[in-house]
Amino acid sequence: MTSKFQAPKGVSEYFPPRSNQFDFVLRTLVGPALAAGYELIELPIFEDTELFTRGVGESTDVVSKEMYTFEDRGGRSITLRPEGTAGVMRAVIEHNLDRGQLPVKLFYRGPFFRAERPQAGRYRQFYQFGIEAIGVNDPQLDAEVIAIAYEGYKKVGLKNFSLHLTSLGDNESRAAHRMTLVDYIDKLDLDDETRNRASKNPLRLFDDKRPDIQAKMAKAPVLLDFLNDESRDDFSEVQESLRSINIPFEINPRMVRGLDYYTGTTFEFVHSGLGAQSGIGGGGRYDGLMATLGGQDLSGIGFGLGIDRILLAMESEKIALPIESYTDLFVISLGEAARKRGFIIVQELRNQGFVVKQSYGDRGLKGAMKAADKSGARYSIVIGDAEISTGSVELKEMATGEAVSVTLSALASTLAEKSR
Ligand code: HAM
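Report follows, based on the coordinates.

Each value, and the rule that gives it
- Residues numbered from 1 in each chain as written.
- Predicted model: local features only at pLDDT ≥ 70, side-chain atom pairs only at ≥ 80, totals over all residues.
- Heavy atoms only, no water.
- Pairing = 2+ DSSP bridges.
- Helix = DSSP H or I, 4+ residues; strand = E, 2+ residues; numbered from the N terminus.
- Contact = heavy atoms within 4.5 Å.
- Axes fitted to C-alpha atoms, helices over the stretch in contact; angles between N-to-C directions.
- Patch = residues over 30% accessible without salt bridge, like charges linked within 9 Å, V, L, I, M, F, W, Y side chains within 5 Å.
- Areas by Shrake-Rupley, 256 points an atom, 1.4 Å probe, with all protein chains shown as cover.
- Salt bridge = Lys/Arg side-chain N within 4 Å of Asp/Glu carboxyl O.
- Lys, Arg positive; Asp, Glu negative; His and termini not counted.
- Charge placed at Lys NZ, Arg CZ, Asp CG, Glu CD.
- Buried < 20%, exposed > 50% of the residue type's maximum accessible area, 1.4 Å probe, protein only.
- Expected span 1.5 Å × (residues − 1).
- Arc of directions from axis to C-beta.
- Phe/Tyr/Trp six-rings, centres within 6.5 Å; stacked < 30°, edge-to-face > 60°.
- Lys NZ or Arg CZ within 6 Å of the ring centre and 35° of its normal.
- Near = heavy atom within 4 Å.
- Polar contact = N/O pair within 3.5 Å; in protein donor to acceptor, adjacent residues only side chain to side chain.
- Nonpolar A, V, L, I, M, F, W, Y, C, P; charged D, E, K, R; others polar.

**Focus on the sheet that holds strand S1 (residues 39–40)**
Read from one edge to the other, the open sheet built from eight strands follows the order S1-S5-S6-S11-S10-S9-S7-S8, with strand pairing classed as mixed. Of all strands in the sheet, those with a lone pairing partner are S1 and strand S8 (250–251), marking the two edges. Across seven bridges, the pairing between strand S7 (residues 161–167) and strand S9 (residues 263–271) is antiparallel. For Leu165, the partnering residue across the bridge sits in S9 and is Phe267. Its contacts with the sheet put helix H1 (residues 18–35) on strand S5 (104–113), strand S6 (125–134) and strand S11 (300–306), and the angle it makes with S6 is roughly 5°.

**As for a negative patch on the surface**
Together, Glu172, Asp229, Glu230, Asp233, Asp234, Glu237 and Glu240 make up a negatively charged patch on the protein surface. For the negative patch, the element with the highest residue contribution is helix H9 (residues 229–244), accounting for six residues. A relative accessible area of 31% means that Asp234 is categorised as partly exposed.

**Comments concerning helix H12 (residues 336–351)**
Taking 1.5 Å per residue, 16 residues should reach 22 Å; H12 reaches 23 Å between its end C-alpha atoms and fits that length. Inspection of H12 places Ala338, Gly342, Ile345, Val346 and Leu349 among the buried residues, and these make up the whole buried set. Taken down its axis, H12 places every buried residue within 105° of arc, on the same side. For H12, the exposed residues lying more than 90 degrees away from the buried face are Glu336, Lys340 and Asn351. Those residues of H12 hidden inside the fold are in contact with strand S12 (327–333), strand S13 (356–358), strand S14 (377–383), helix H14 (385–390) and helix H15 (411–418). The positive-phi residue at the C-terminal boundary of H12 is Gly353, with phi of around 105°.

**What about the packing of aromatic side chains?**
For the structure shown, the criterion picks out 14 aromatic pairs. With a centroid separation of 6.1 Å and 70° between ring planes, the pair formed by Tyr14 and Tyr127 is classed as edge-to-face. One end of the pair, Tyr14, is in the segment before H1; the other, Tyr127, is in strand S6, and 113 residues separate them in sequence. Looking at Tyr14, the relative accessible area reads 18%, which means it is buried. An aromatic cluster is defined as three or more aromatic residues linked by ring pairs; in this entry it consists of Tyr150, Tyr153, Phe161, Phe267 and Phe269. Taking the ring centre of Phe112 as reference, the NZ or CZ of Arg81 above it sits at 4.2 Å.

**Observations concerning the pairing of strand S15 (residues 392–397)**
Direction of pairing for S14 relative to S15: antiparallel, over a ladder of two bridges. Of the residues in S15, the one forming a bridge with Ser380 is Lys396. In the sheet, S15 pairs with strand S16 (residues 403–407) via five bridges, with the strands oriented antiparallel. Bridge pairing links Leu395 to Val404 in S16. Once S15 ends, the chain turns through five residues before running back antiparallel as S16, passing Gly401 with a positive phi of about 80°.

**Quick word on the site of the ligand**
The immediate surroundings of the ligand are formed by 27 residues, with Glu83, Glu116, Tyr123, Tyr262 and Gly279 found nearest. Contact distances for the ligand include 2.9 Å between an oxygen atom and a side-chain N or O atom of Arg257. Taking 660 Å² as the accessible area of the ligand by itself, protein coverage stands at 95%. Looking at the shell around the ligand, the elements that each hand over two or more residues are S6, strand S10 (279–285) and S11. Here the residues of the shell around the ligand sort into nine nonpolar, 11 polar and seven charged.

**So, a nonpolar patch on the surface**
A cluster of nonpolar side chains, Ile45, Phe46 and Phe70, forms an exposed patch at the surface whose accessible area comes to about 270 Å². With respect to the element layout, Ile45 can be found in the loop between S1 and strand S2 (46–48). You can call Ile45 partly exposed: its relative accessible area is 33%.

What follows is the structure in structure tokens.
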């Protein structure tokens with residue numbers, strides 16, 4: 001049926017059976033974060049617009065072209081969150097979460113909004129799972145954050161992905177590189193718009209997809225060659241730590257992240273089965289962000305993993321859902337008295353932890369059996385007047401058709417035994 005209403009253009013939606021996979025991915029990714037002591041932070045989906053213009057940076061596409069910004073009824077400029085890090089920093093500062101033990105370790109998940117041109121794997125509302133570790137600058141923490149993402153991908157079953165790694169160094173390293181890069185860019189023949197973008201953040205030109213700009217940037221100096229001793233040592237230790245736990249990576253000195261706050265270690269996970277939108281997650285360190293937003297001058301590191309793209313990647317690798325949606329028992333009740341008794345039995349079994357479905361309405365045995373077949377339940381029972389008077393039912397295994405007689409009082413224990 002064509003509905004009068006359709007979802008807004010370019011949003012991702014999840015409904016059964018695929019929503020089971022979505023749920024599985026979220027539950028799986030959180031495991032390695034919990035194991036490393038990260039705790040949930042649940043934040044608003046809209047924030048003061050300036051949080052993102054300041055935090056994410058005006059040179060970025062995300063801020064300059066892709067924000068869903070509107071005025072609320074009180075005349076305030078509000079933006080639907082395009083990413084999670086700025087909001088987490090705002091909350092950490094506002095609620096003094098950084099006044100206790102450091103690092104503060106937080107994870108979050110939920111929808112994010114960017115007004116991008118929709119295509120496969122690129123949506124206007126999409127989902128991320130993210131973590132942030134704030135207040136400690138230790139290369140082992142960088143490796144820990146990367147390891148959490150890596151383990152998450154492995155746990156959902158992905159194989160065909162790789163980790164790209166670089167370092168954007170500290171302020172001193174970036175300043176040295178910037179001077180040389182700006183000199184190089186000044187000598188290029190560029191249109192005004194591109195030159196303007198480069199003046200805000202010259203690194204952006206590395207990320208320009210146009211072939212002529214790519215050709216012009218082919219010999220541009222890369223930041224990795226300008227790291228001072230401290231930044232170089234830190235980056236070496238990150239690599240050494242990753243090697244020590246067998247996490248493979250490639251150094252990609254030309255990688256540019258889409259957000260301006262990055263410093264030091266930055267990384268992206270790329271999947272080979274996704275075409276143009278191959279980034280299944282990314283992150284890095286952000287030294288100045290908290291101070292920029294009015295907080296203490298603490299460093300942080302984190303990542304955001306794209307749930308929508310992880311699902312597409314799983315499909316490209318033909319990864320079946322390890323846990324199918326599962327039903328233990330389907331209960332068919334025939335007749336008024338049986339319906340009343342059946343309802344109570346169903347509730348009791350559910351309260352004991354079994355997944356139980358039932359027939360509704362007066363469908364008759366044939367219709368109800370069809371529903372039982374389709375339900376995917378392992379077992380079914382039929383309750384009628386006879387079963388109520390004898391107090392026992394036939395417990396039928398759906399796959400084989402085999403049935404055993406079980407008293408109603410022993411139904412739970414029999415089901416428990418059979419599913420062991
Ligand atoms: P990001 O690289 O902009 O980083 O986004 C992280 C991931 O979200 C991407 O790798 C991609 O998988 C997914 N993603 C981004 N945009 C879309 C879209 N339009 N449609 C579908 N998926 C998308 C951040 O957002 C940073 N906050 C990550 C971070 C946390 N860095 C430090 N801490």
